[in-house]
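Structural characterization, general
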Amino acid sequence: MENKLMNLTLKVWRQKNAKEKGGFETYPVEGISPDTSFLEMIDILNNKLIHEGKEPVAFDHDCREGICGMCSLYINGHAHGPDSEITTCQLHMRKFRDGDTITIEPWRSAAFPVVRDLVVERQAFDKILQAGGFVNVNTGGVPDANAIPIPKEDADESMDAAACIGCGACVATCKNGSAMLFVAARVSSLAKLPQGKVEAARRAKAMVAKMDELGFGNCTNTGACQAECPKGISVSHIARLHREFLSAKFKD
Amino acid sequence: MKSPFIVSSSVGRKFVMSISGAFLVLFVTFHAVMNGVALISAEAYNWVCAVLGANWYAIAATLVLAGGVLVHVGYGVWLTMQNRKARGSVRYAVTENSPGVSWSSKNMLVLGLVVLLGLVVHLTHFWAQMQLVELMGGHENALGLDPADGASLIAFVFSKWYNVLIYLVWFGAMWFHLTHGIWSMFQSSGLNNQKWLPRLKCVGNVWATLAIGLFALVVVVFFIKSLL
């Protein structure tokens, strides 16, 4: 495989803090290997900036293996960049060409305010989870794993929804700033399991109410969230969220 | 007092859009079939027009229909305003289309407003010359026709090329609106799953094409007849 080093131009959103107005800064980066990950490329830029006595670009990252949901970035008009079903940390520079200009922006949503540069506040997701995204377990002996049989299809669908890493790409991509896919994934993964059914009605109502309270928008079924979700979570889970929520409300 | 969930909750508001939309889809389907009658027989079409004149049930249905339109449009505008606020004041500098996202799904408000504008023109052309005349106690509309003589009115309106053009553009906007709207009404009321997602999208496209195709056919056929 050809391994030609690339020279790129980065247009990066810089913002000192949540209150100050931000703007784009342009930085050239040179000698980038196609096998470099996107975040490593920003590390290289930051190293250069530090050596030049400038402030490095702040960005979120943690595990760098696509499971923690910490990395974000809106790259050239796509959440987590141009590749499909991956997070930014798994994006490699071979997806770009020598001489490219890459625009890097933070997630944009009223519920995800920018903290600094490319870092946004995503505590809203934690608050939604705290409202009901869990199963209460009474203490006691460890139950036998086979005591509650679960059909394979249900377990599969539950696990598909549970793959959500809470990165916020759905909100960042949605033209309405809606968090419906995130909430649907959480509600759906528990709704498909017997353990989650006990609190299903309360959970759907509490999580939707918290989502609305935190200023997320209304879903209009564009499906952009599903297209950009690094875990490929389907909007069919949103239909299940509606079923759970509406049946709970009609029972009230 | 706590407001009901169809006002206070985003899922509830979506449900209202779904139910009001479903009601309008049924009406549009009925209207398309009714227009199709005009292709077969002018007498049969005029009989339908007479049934839908100034009768109490037709008036009641008209009022319910107007209510449905008001709810759907009102909620649509309200939701869009909320969504713009939720998106935040700073927009992305670079945006690209995501795969599988239809153009109509992102432009439902604009398409809906075009549909509404067309509706105003349509009501001026037909409703104001038919049911309204009867409601006012008249027996003859501005064109000197019997208000129940829908067949002659269609022939008159669609003999003008500019009306044909306006209606075809209107139908185009309605087709785009329906292709997203029909599967969405199932999705928003929770009647969807992984298996039915592609099926319902297909049903929506076929349904929209049949209904809008029938509307367009009537307009084109009457225009061609006027040329002969």
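As the structure is a prediction and not an experimental result, all values here were calculated from the model. (Residues numbered from 1 in each chain as written. Chains lettered and ligands numbered in written order. Predicted model: local features only at pLDDT ≥ 70, side-chain atom pairs only at ≥ 80, totals over all residues. Heavy atoms only, no water.)

Some details on the layout of surface pockets
Volume-wise, the second largest pocket comes out at about 310 Å³. Forming the boundary of the second largest pocket are 17 residues, of which Gln 15, Arg 108 and Val 114 of chain A together with Ser 89 and Val 90 of chain B lie nearest the centre. (1 Å grid on protein atoms, 1.4 Å probe; cavity = no way out; pocket = protein on both sides within 12 Å on 5 of 7 lines; lining within 4 Å. Points joined across faces, edges and corners; volume = space filled by probe spheres on them.)

Regarding the domain arrangement of chain A
Residues and elements named next belong to chain A. In terms of domains, chain A is made up of domain 1 (6-115) and domain 2 (123-251). In total, domain 1 and domain 2 occlude about 1,300 Å² of area from one another, counting both sides; carbon and sulfur atoms represent 56% of this. It is Glu 85, Ala 111 and Phe 112 that lose the most area in domain 1 upon contact with domain 2, and together they represent 33% of the buried surface on that side. At the junction of domain 1 with domain 2, the criterion picks out 0 salt bridges. Applying the counting rule to domain 1 against domain 2 returns 3 residue pairs in polar contact (both at pLDDT 80 or more). Taken together, the residues that form the side of domain 1 that touches domain 2 break down as 9 nonpolar, 7 polar and 2 charged. (Domains from an automatic or database assignment. Buried area = accessible area lost by both parts, 1.4 Å probe. Salt bridge = Lys/Arg side-chain N within 4 Å of Asp/Glu carboxyl O. Polar contact = N/O pair within 3.5 Å; in protein donor to acceptor, adjacent residues only side chain to side chain. Nonpolar A, V, L, I, M, F, W, Y, C, P; charged D, E, K, R; others polar.)

Some details on the sheet that holds strand S5 (residues 101-105) of chain A
Residue and element names in this part refer to chain A. Overall, mixed pairing links the 5 strands, which are arranged S2-S1-S5-S3-S4 in an open sheet. Whereas interior strands pair on both sides, the edge strands pair on one side only; in this sheet they are strand S2 (23-32) and strand S4 (78-79). Alignment of strand S3 (residues 74-75) against S4, held across 2 bridges, turns out to be antiparallel. Bridge pairing in S4 links Tyr 74 to Ala 79. Of the strands in this sheet, strand S1 (6-14), S2, S3 and S5 are in contact with helix H1 (residues 38-51), which crosses S2 at around 100°. (Pairing = 2+ DSSP bridges. Helix = DSSP H or I, 4+ residues; strand = E, 2+ residues; numbered from the N terminus. Contact = heavy atoms within 4.5 Å. Axes fitted to C-alpha atoms, helices over the stretch in contact; angles between N-to-C directions.)

Points about the interface of chain A and chain B
Of the residues lining the interface, 49 residues belong to chain A; the matching set on chain B comes to 41 residues. Between chain A and chain B, the buried area comes to about 3,500 Å², and carbon and sulfur atoms account for 55% of it. Summed over the three residues of chain A that lose the most area to chain B, namely Arg 108, Asn 218 and Asn 221 of chain A, the buried surface amounts to 19% of that side. Scanning the region where chain A abuts chain B turns up 0 salt bridges. At the boundary of chain A with chain B, the tally comes to 27 residue pairs in polar contact (both at pLDDT 80 or more). Residue composition of the side of chain A that touches chain B, grouped by class: 23 nonpolar, 19 polar and 7 charged.

Side note on the packing of aromatic side chains
Taken as a whole and judged by the stated rule, the model has 22 aromatic pairs over all chains. Pairing Phe 125 of chain A with Phe 216 of chain A gives two aromatic rings, centres 6.0 Å apart and planes at 35°, and the pair type is tilted. One end of the pair, Phe 125 of chain A, is in helix H2 (residues 123-132); the other, Phe 216 of chain A, is in the loop between helix H7 (200-213) and helix H8 (224-228), and 91 residues separate them in sequence. Geometrically, the ring pair formed by Tyr 167 of chain B and Trp 170 of chain B is edge-to-face, given 5.5 Å between the ring centres and 80° between the ring planes. Here Trp 170 of chain B and Tyr 167 of chain B lie together in helix H9 (residues 161-188), a separation of 3 residues that amounts to about one turn. Taken together, the ring pairs in this structure connect Phe 126, Phe 158, Tyr 167, Trp 170, Phe 171 and Phe 215 of chain B into an aromatic cluster. The ring of Trp 13 of chain A carries Arg 108 of chain A above its face, with NZ or CZ at 4.1 Å from the centroid. (Phe/Tyr/Trp six-rings, centres within 6.5 Å; stacked < 30°, edge-to-face > 60°. Lys NZ or Arg CZ within 6 Å of the ring centre and 35° of its normal.)

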